[in-house]
Every structure is written in structure tokens, then in C-alpha cells.
Amino acid sequence: MSIDPAYEMVIGLEVHAQMLTQSKIFCGCSTAFGAPANTQICPVCSGFPGVLPVLNKEAVNMAIKTGLAIEGEVRMQSEFSRKNYFYPDLPSGYQITQFELPIVEHGKVLIEDKDVPAKVVGITRIHMEVDAGKSIHEGVVGGTWVDLNRTGVPLMEIVSEPDMSTPEEAGAYLKKLRSIVRYLEVCDGNMEQGSFRCDANVSVRKKGDPKLGTRCELKNLNSIRNVMRAIELEAERHIDILEEGGSIVQETRLYDANLNETRSMRSKEDAHDYRYFPEPDLPLLVLSEQQIATVKATLPELPDAKRERFETAYGLSHYDASVLTTSRALSRYYETVVEQVKAGGQNDPKICANWVTVELLALLNKENKEIEQSPVSATNLAKMVVRILDNTISGKIAKEVFASMFESGSDPDTIIEEKGLKQITDSGAIEAAIDKVLALNSTQVEQYRGGQEKLFGFFIGQVMKATQGKANPAELNKLLKQKLGG
Ligand SMILES: [Zn+2]
């Protein structure tokens, strides 16, 4: 993606991550997805007057955990505020959120992707807040229905610094952040179901200009691809306006994926429009060193650390290690393959990485499946790699075996047996095949002996064809050289 080279984009992202708590943030109602409308509500989350919110400690721990993972400063004292606005899906007329004193400040996330060089994106803050309900228009005549099941579900808003300058960087940032919250098991990262939502702040400025341009906020971005497309469209819109001598109006805009356009939604509110004030029904949130230490002890190995370990321990390339550590499940799968190949008496972490990143991920991608749904278990893939390494099958035949494993979920040994794919390592059998090929191609043999050494590949191909690809390549090479030489 590219824009007018005289300009640069300035991009900041706000991510709303729904925390994976069992109950809502200020009451005991369930957070389970997909229940019938208004079956998971109580007077607290329905905004009845006179009820008191009680803070869910699990949500606090998840926010602390995320803060520690991004190397942020966790505030020992944070505060909840009321953000006042009227909307039908917000029964209390205010949202409980954090404003002046959020739970986490000053973090950072390292981004990197295929076309994105490594870069650190600053995290301004992480604050906790409640989700609102859902207005339902579909199938409703003459009005709007409201489902409050989601009201009071705990969210973390993760606000980045405006440190990104291309849509690709924004995409890499979202991927990385999603991977982190998934590793931490604080959010399922599902953008389609709305548990990982993103708003993008976009402005442009002439290259080298230290002053920030007027920004617009983009909403309705429900996939990483859409975030990237919307950012580019919006930057182009700004540049067109500026080039024509106009000025940008600060506003909130909707991205329409069907028309691939952004359009005005409302003029942008400032903080004072919301009349923020400290939530009177909740005390200051005071953390203890002990609580932070306890949460810290539960931190798993995070993607960056794991990637480095994969590079050094398994000798993988930086790229392969990054791919394999994008999700906890994928890295676990890979490590299981490596361990079981070892248990099978062989050892080759690089081959294992190739089979996972190239062959397996390509097929999973094609069928839109996650690693957890892989028809080829880590154990079966390991068995197959062992069969390559002990020369039972060649790498080429392995592709056939693998495709068959992916289709049937079968054990590789069964497939090799049933299809008769065992490699021919018996030198007598290979020799016989070579003799046949040389007899059939006497002209080429003469040419080869006359100096056309390029023909060697031709003979290899013919023998492979004759043996249906099952001749052991090293053995074939050796024997063919001997025969042609003499
Ligand atoms: Zn409730």
C-alpha cells in the first residue's frame, strides 16, 4: 500500500479487548457468549438506581497481567470514573471506565512482519471499563430492541501512541497485540465476534513536518484487513482534501467494507463533552506489591522470548521462529513434533519447522482451519518426519503421504504400507532400474560420455520415473555415477 510520497501517515490504535472472566466486572452475571437476549442481567448491570457495583478481582488481575506483559507501569492506585452519555444500550446513562488514573501506563510492543521491519510501538495506557449493551434492529418492526447481556462485561482499552506510519505497521501491531492477549489467556482475540475490537486514529502530514495533522477516528473495523484498508482510504481522503487547499474536520467515521469507503458518523467529542467525574460508588482501586507479584508469577513465556529461544535452541531462522510463535497452540504443536521426532530416534528441528510452516499451515489456511483443528496430529507428523530421516521415504514421497494424512487423519506408516510408498534402498533393485534406463537411452549415454554432463539430471529423472519416485536419491546418485563412468 502506498500514498503520495510527499506525505506520511500518523496512526494510533485503540483496542477494546474483552476480558475472559466468568462473570461481569461489577456483578455476578455470566459473560457467556450467545445466550438468549436479556437472560444474563441483574439490577446492577441493568442500571437500576440505588444498587452498588462490586469490582471483579479477576478482571483487575487480567489487566495487571497485560500491563506486565507489555512492560507497562502498573499503578498502585487507580480510579474509576463515570463517562456520561445517553444511548439506548447504556441503561445507566453513564459508562464506568478509568480516566485520569488508569491501571497501566507507558508500555511497549515490538512489532515485525513479513514486510514490516522491527519497530517498537508505545502503549499510552490500558484502562478497564464496562461494555455497553446491543441494539437490535433486525426483525424488529417500528422500534429497536435492546439486549443487555453484554452490559457490564469487562473490557480493557489498550491505547497506543501514534507511532505507526503505514497500514502494514498497524496490521502487524494488531497481530502482535492479539497474540499477546491470547498467550496471556486474558482475551480470546476474536475480531468477528467483537471480543477484540479496534478503532483507528488517522492523520496525515507533509513529510518532515513536526506538527500533527487533524485526525479522524475510524470505527466498525472488524478484521485486520479492514483496519488496513480503512486507514489507507482515510489517508488518501485527507491528502486529496489538503491538496485541494481544504482542511480536515475532526470527526468519527464509519468504515463500510461493502462499499470500501469511510463516511462521517458524528463530529468528534472531546473529553469535556462526557462530563467525566470519579465514580462515587467505587473506592479508589489500591493494589498491593503482593498482588502484583502473584500475578507476575503466572506470566507465561511470551511470543518475543519464545521466538528468541526457538532461534537459539532449534537453529531456526528469525522468520520461521516468528511464524511458529504467533500462537501458543502453534508453538506447542511444533515443540511436540520436535520432541516426538527425538523420541523416534532422530533429530532435525529445521525439517520439523518446514513441515509445519510451509506444508501444514498452507493446507490449514486453505481450509480456513486453526492449528487446533489440524487433521494431522503432532504425533503423526513426527512419525512421518522420522520416516523421512530414516530413509523409509524420500522428501518428495513425503508430500504425497502428508496430503493423504491431511485428508484422512491416518497414521503415516499405514499410508506408506497401503500405498506401497517405501523407498527403494536396495542397491540391486536400483541398479536394475538404472541398467534398463541406460539401455533404452543409448544415444544420451554416448552424449554424456562425450562431455554433456548436464544429461545426468535426465537419467536421474528417468530412473525416478521408472521407480515411481521411490529410489533412494543418495543411493541412486552414487550408482548412476559409477555406471555412467564406466
Ligand atoms: Zn448483572
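A quick note: this is a predicted structure, and the numbers were derived from the prediction, not measured.

**Q** How should the overall build of the protein be read in this particular structure?
**A** Within the protein, the regular secondary structure consists of 15 helices and 16 strands. Here the C-alpha atoms of the protein give a radius of gyration of 30 Å, more than 25% beyond the 23 Å that 2.2 N^0.38 yields for 486 residues. Referenced to the eigenvectors of the C-alpha coordinate spread, the extents of the protein come out at roughly 95 × 55 × 50 Å. Within the protein, buried positions represent 47% of all 486 residues. For the protein, the share of sequence-separated contacts (at least 6 apart) that also reach a separation of at least 24 residues comes to 68%. Of the roughly 24100 Å² that the protein leaves accessible, carbon and sulfur atoms contribute 50%.

**Q** What's the story with unusual backbone geometry in this structure? I'm lost.
**A** With the exception of glycine, most residues fall at negative phi, and the peptide bonds are largely trans. Positive phi, normally seen in glycine, also occurs at Asn368, with a value near 55°. The residue Asn368 is located in the loop between helix H8 (349–366) and helix H9 (378–389) in this model. Of the residues examined, Asn368 reaches a relative accessible area of 71% and is grouped as exposed. Look at Gln468: it is not a glycine, yet its phi comes out positive at around 50°. Owing to a relative accessible area of 59%, Gln468 belongs among the exposed residues under this scheme.

**Q** It is not clear to me how the coordination of the zinc ion should be interpreted in this structure. Could you clarify?
**A** Tetrahedral coordination by four donors puts the ideal angle at the metal at 109.5 degrees, and octahedral coordination by six puts it at 90 or 180 degrees. Cys27 (SG), Cys29 (SG), Cys42 (SG) and Cys45 (SG) make up the full set of protein donors to the zinc ion, lying at 2.3 to 2.4 Å. One way to put it: the four donor atoms around the zinc ion meet at angles of 101 to 114°, and that makes the site tetrahedral.

**Q** I'm lost on the UniProt feature "domain: Asn/Gln amidotransferase" (unreviewed entry) in the protein in this one. Help?
**A** The sites that carry the UniProt feature "domain: Asn/Gln amidotransferase" (unreviewed entry) are, in the present numbering, residues 332–484. Secondary structure content for residues 332–484 is 71% helix and 0% strand, and the end C-alpha separation is 49 Å.

**Q** Help me out: how do you make sense of helix H2 (residues 167–184) in this one?
**A** Two residues of an α-helix separated by three or four positions point the same way, owing to the 3.6 residues in each turn. Here H2 is 18 residues long and its end C-alpha atoms lie 26 Å apart, about the 26 Å a rise of 1.5 Å per residue gives. The buried count for H2 comes to 14 of 18 residues, which makes it a mostly enclosed element. A positive backbone phi angle near 60° is found at Glu185, which sits one or two residues after H2.

**Q** Honestly, the pairing of strand E6 (residues 104–113) in this entry has me stumped. Any pointers?
**A** Consecutive side chains of a regular strand alternate in pointing toward one face of the sheet and then the other. Bridge count between strand E2 (residues 73–74) and E6: two bridges; the pairing is antiparallel. By the bridge assignment for E6, Glu73 is matched with Glu105. Sheet topology note: the E6/strand E7 (residues 116–130) ladder contains eight bridges and is antiparallel. Among the inter-strand pairings, Gly107 is bridged to a residue of E7, identified as Ile123. Counting the residues between successive antiparallel strands, the hairpin from E6 to E7 contains two residues.

**Q** Any chance you could explain the sheet that holds strand E15 (residues 277–278) here in plain terms?
**A** Backbone-to-backbone hydrogen bonds pair the strands of a sheet. The strands run either parallel or antiparallel. On the basis of which strands lie adjacent, the open sheet formed by three strands has the order E5-E4-E15 and antiparallel pairing. Of all strands in the sheet, those with a lone pairing partner are strand E5 (94–98) and E15, marking the two edges. Bridging between strand E4 (residues 80–84) and E15 involves two bridges; their strand directions are antiparallel. Note on E15: the bridge partner recorded for Ser81 is Pro278.

Rules behind the numbers
- Residues numbered from 1 in each chain as written.
- Predicted model: local features only at pLDDT ≥ 70, side-chain atom pairs only at ≥ 80, totals over all residues.
- Heavy atoms only, no water.
- Helix = DSSP H or I, 4+ residues; strand = E, 2+ residues; numbered from the N terminus.
- Rg over C-alpha atoms; globule rule 2.2 N^0.38 Å.
- Buried < 20%, exposed > 50% of the residue type's maximum accessible area, 1.4 Å probe, protein only.
- Contact = heavy atoms within 4.5 Å.
- Areas by Shrake-Rupley, 256 points an atom, 1.4 Å probe, with all protein chains shown as cover.
- Donors = N, O, S within 2.8 Å, 3.2 Å for Na, K, Ca; no water.
- Tetrahedral: all angles 85-135°; square planar, octahedral: opposite > 155°, others 65-115°.
- UniProt positions renumbered as here; feature names shortened; annotations may be inferred.
- Expected span 1.5 Å × (residues − 1).
- Pairing = 2+ DSSP bridges.

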